[in-house]
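Survey of secondary and tertiary structure
Spelled out from the first residue to the last, the chains are:
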Amino acid sequence: MSKLLWHVLQEVSGMQCRLITLIPEGLEPPRPIDKLRFVKAVAGGLICCKIDWIIFDHLSLARIQRFVPKTLRRPYGLFLYSVEAWFPLSSGLKEILQQARVRIAISNYTAKRVAAANPDIGPIEVCHLAVLPSGQLDRKSLTNGQPLSNPDLDVSLLARIRPNSILIVGRMFSRERHKGHDQLIEGWPSLKARVPDAQLVIVGRGDDV
């Protein structure tokens, strides 16, 4: 999702965006030095007036606003995913949401859950996720020449996906079982009984695979 967002922002801005990442490629979770580097890059850019506006692709990343004097802050927007804002937020996180110029949920369901739990944060836009247009999976990044696609992508796997397929995409960590993998697998025999040629496609990695 982050790669798609970066691709679109670069396209609509005429390649005038700057990418600041918290987690180096291949690492998770972030180390203390990664957090310090991230704070320094974003806060430094704001203080030096090198940033006009910001899109945070996670609510937790927007906490950095607290490190910047109000007079130096810039307009910002942020994306909302599942449980990070499904429940009543702390006063600090709620303030960050309220002050955002735009709040974008990745589904109508998430938007409704966030609004129900935090009704005073303001309107929430919905932007459904997508994939890069056909032929652009191997397009080079507009910044550093790195491929936008996963280097481990096996195109032959795509040819094995049949018409009657259900696809679930998401990290599979034992601490994030709310994503629905377990429920989908448990209900699969019942679905197969009704649709014999149904196919379940699971995409993701984690300690709960």
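Our subject in this report is the structure included herewith. Owing to the predicted nature of the structure, the values given are computational and were not obtained by experimental measurement.

The rules behind each value
Residues numbered from 1 in each chain as written. Predicted model: local features only at pLDDT ≥ 70, side-chain atom pairs only at ≥ 80, totals over all residues. Heavy atoms only, no water. Helix = DSSP H or I, 4+ residues; strand = E, 2+ residues; numbered from the N terminus. Polar contact = N/O pair within 3.5 Å; in protein donor to acceptor, adjacent residues only side chain to side chain. Contact = heavy atoms within 4.5 Å. Patch = residues over 30% accessible without salt bridge, like charges linked within 9 Å, V, L, I, M, F, W, Y side chains within 5 Å. Areas by Shrake-Rupley, 256 points an atom, 1.4 Å probe, with all protein chains shown as cover. Salt bridge = Lys/Arg side-chain N within 4 Å of Asp/Glu carboxyl O. Buried < 20%, exposed > 50% of the residue type's maximum accessible area, 1.4 Å probe, protein only. Pairing = 2+ DSSP bridges.

Okay, the side chain of R103 next. Counting through the fold element by element, R103 comes out in strand 3 (residues 102-105). At 3.0 Å, the side chain of R103 forms a polar contact with the backbone oxygen of A100. Within the structure, R103 has its side chain in polar contact with the backbone oxygen of P123 (distance 2.9 Å). Those residues in contact with R103 that lie beyond four places of it in its chain are L78, L80, L97, Q98, I121, G122, P123, I124 and E125.

Here the focus is a nonpolar patch on the surface. Where nonpolar side chains cluster on the molecular surface, the patch consists of V155, L158 and I161 and spans about 270 Å² of accessible area. Residue V155 is classed as exposed on the basis of its relative accessible area of 55%.

So, about the pattern of salt bridges. Counted under the stated rule, the structure contains four salt bridges. Of the charged contacts, one joins D120 and K94 as a salt bridge, the two residues approaching to 3.7 Å between their closest N and O atoms. A residue pair is termed long-range when its members are at least 10 positions apart, and D120 in the loop between helix 4 (108-117) and strand 4 (125-126) and K94 in helix 3 (residues 91-99) qualify at 26 residues. The class of K94 is partly exposed, set by a relative accessible area of 22%. The closest approach of N and O atoms between R177 and D208, which form a salt bridge, is 2.8 Å. With R177 in the loop between strand 5 (165-169) and helix 6 (181-194) and D208 in the segment after strand 6 (199-203), the pair connects residues that are 31 residues apart, well separated along the chain. Classification of R177 as partly exposed rests on a relative accessible area of 47%. Among the ionic contacts, a cluster of salt bridges with common partners joins R31, D34 and R37.

Turning our eyes to something else, we now look at the sheet that holds strand 4. Strands sit in the order 1-2-3-4 across an open sheet of four strands; the sheet is parallel. Bordering the open sheet on either side are strand 1 (54-56) and strand 4, each of which pairs with just one other strand.

Honestly, it's all geometry; don't read function into it.
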